[in-house]
Amino acid sequence: MELSMAKGERFIADTQSPQGAAAWRRQLDEFAPGASDWVVGAVFGGTYQREGLELRDRQILNMAALAAMGGTEPQLTGHIRTAVDVAGMSREEVAECFVHLMPYIGVPKVLAAMRCMSAAFE
């Protein structure tokens, strides 16, 4: 798999707000300078560039994984925004993803995901 900082930077510019990207970069680099470069090159410039899944599918997977983990509200909120604003999902489809997860991850985690939806849509 090819890793590309340039492709990662383009992906970030296309899918995230400048403020949102700056926030996670600042958090990663505060105590480990340069750590955000790995995310840019390997995740956004690598994994996201692979063929086989559309952005919509990747966002569904991201939302499911983050909701199941719990404690990832800022990231989940951002992926919900990307799912709707960039990947073309409706709010109803995002909500239905979380309803579908209820028997698998539990009501409390789905309620937390729904709070992230509210924050994403404010």
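Just above, that's the structure.
What counts and how
All residue numbers here refer to positions counted from 1 along the written sequence of the relevant chain. pLDDT decides what is reported in this predicted model: residues at 70 or higher carry local features, side-chain atom pairs at 80 or more are listed and counted, and totals for whole chains, interfaces and linings draw on all residues regardless. To obtain the side-chain values, all non-hydrogen atoms of the structure were included, while hydrogens and water were left out. Site definitions follow a grid-based scheme: protein atoms alone, a 1 Å grid, a 1.4 Å probe that fits but cannot get out for cavities, and for pockets an open set with protein on both sides within 12 Å along at least five of seven lines, plus lining residues having an atom within 4 Å of a point. Grid points are joined across faces, edges and corners, and a volume is the space filled by probe spheres set on the points. Starting at the N terminus, helices and strands are each numbered in turn, a helix being any DSSP run of H or I of at least four residues and a strand any DSSP run of E of at least two. Three residue categories are used. Nonpolar comprises Ala, Val, Leu, Ile, Met, Phe, Trp, Tyr, Cys and Pro, charged comprises Asp, Glu, Lys and Arg, and polar comprises the others, including Gly. Relative accessibility under 20% of the residue-type maximum defines a buried residue, over 50% an exposed one, and the middle range a partly exposed one, all with a 1.4 Å probe and only protein chains included. Two residues qualify as a contact provided that any one of their heavy atoms is within 4.5 Å of a heavy atom in the partner residue. In this analysis, rings of Phe, Tyr and Trp, with Trp reduced to its six-membered ring, are considered paired at centre separations within 6.5 Å, and the interplanar angle assigns stacked below 30 degrees, edge-to-face beyond 60, and tilted for intermediate values. Definition of nonpolar core: a set of buried residues of the types Ala, Val, Leu, Ile, Met, Phe, Trp, Tyr and Cys, connected through side-chain atoms within 4.5 Å.

J.: Would you mind going over empty space enclosed by the protein with me for this structure?
T.: Take a probe with the size of a water molecule and roll it over the atoms, and the empty space left behind shows itself. Scanning the entire structure with this criterion turns up 1 cavity of 30 Å³ or more. The calculated volume of the largest cavity comes to roughly 50 Å³. Those elements that provide at least two residues to the lining of the largest cavity are helix H4 (55–69), helix H5 (73–85) and helix H7 (107–120). The element that contributes the greatest number of residues to the lining of the largest cavity is H7, accounting for 3 residues. Grouping the amino acids of the lining of the largest cavity by side-chain chemistry returns 5 nonpolar, 3 polar and 2 charged.

J.: How should I be thinking about helix H3 (residues 35–44) in this particular structure?
T.: Residues three or four positions apart in an α-helix share a direction because the helix packs 3.6 residues into each turn. All of the buried residues in H3 are Ser-36, Val-39, Val-40, Gly-41, Ala-42 and Phe-44. Buried residues along H3 sit in contact with helix H1 (5–15) and helix H2 (18–31).

J.: Please clarify how the layout of surface pockets should be interpreted in this entry.
T.: Taken as a whole, the largest pocket spans an internal volume of roughly 880 Å³. Lining the largest pocket are 31 residues, with Gln-16, Trp-24, Gln-75, Gly-78 and His-79 sitting closest to its centre. Elements with a minimum of two residues in the lining of the largest pocket: H1, H2, H3, H4 and H5. It is H5 that contributes the most residues to the lining of the largest pocket, 8 residues altogether. Residue composition of the lining of the largest pocket, by class: 15 nonpolar, 13 polar and 3 charged.

J.: Would you mind showing me how to read the environment of Leu-55 here?
T.: Along the chain, Leu-55 falls in helix H4. For Leu-55, a relative accessible area of 22% translates into the label partly exposed. Spatially, the C-alpha atom of Leu-55 lies 5.8 Å from that of Ala-87, the residues being 32 residues apart in sequence. With residues near it in sequence (within four places) discarded, Leu-55 still touches Phe-11, Thr-15, Tyr-48, Val-86 and Ala-87.

J.: Before we go on, may I ask you to explain the packing of aromatic side chains in this structure?
T.: The final tally for this structure, using the stated rule, is 4 aromatic pairs. When the centroid spacing of 5.3 Å and the interplanar angle of 40° are considered together, the rings of Phe-44 and Tyr-48 count as tilted. We note that Phe-44, like Tyr-48, is buried. Ring pairing ties together the aromatic residues Phe-11, Trp-24, Phe-44 and Tyr-48, which thus form one cluster.

J.: When you look at the nonpolar core in this model, what are you seeing that I'm missing?
T.: If you look at soluble globular proteins, the nonpolar side chains tend to sit buried side by side. Grouped together as the largest cluster of nonpolar side chains are 19 residues, with contacts concentrated most on Met-63, Ala-67, Leu-76, Ile-80, Val-94 and Phe-98. For this core, the secondary structure elements donating two or more residues are H4, H5, helix H6 (91–105) and H7. Ranked by residues supplied to this core, first place goes to H6 with 6 residues. If sequence neighbours within four positions are ignored, Val-94 has contacts with Met-63, Ile-80, Ala-83, Val-84, Met-89 and Met-117.

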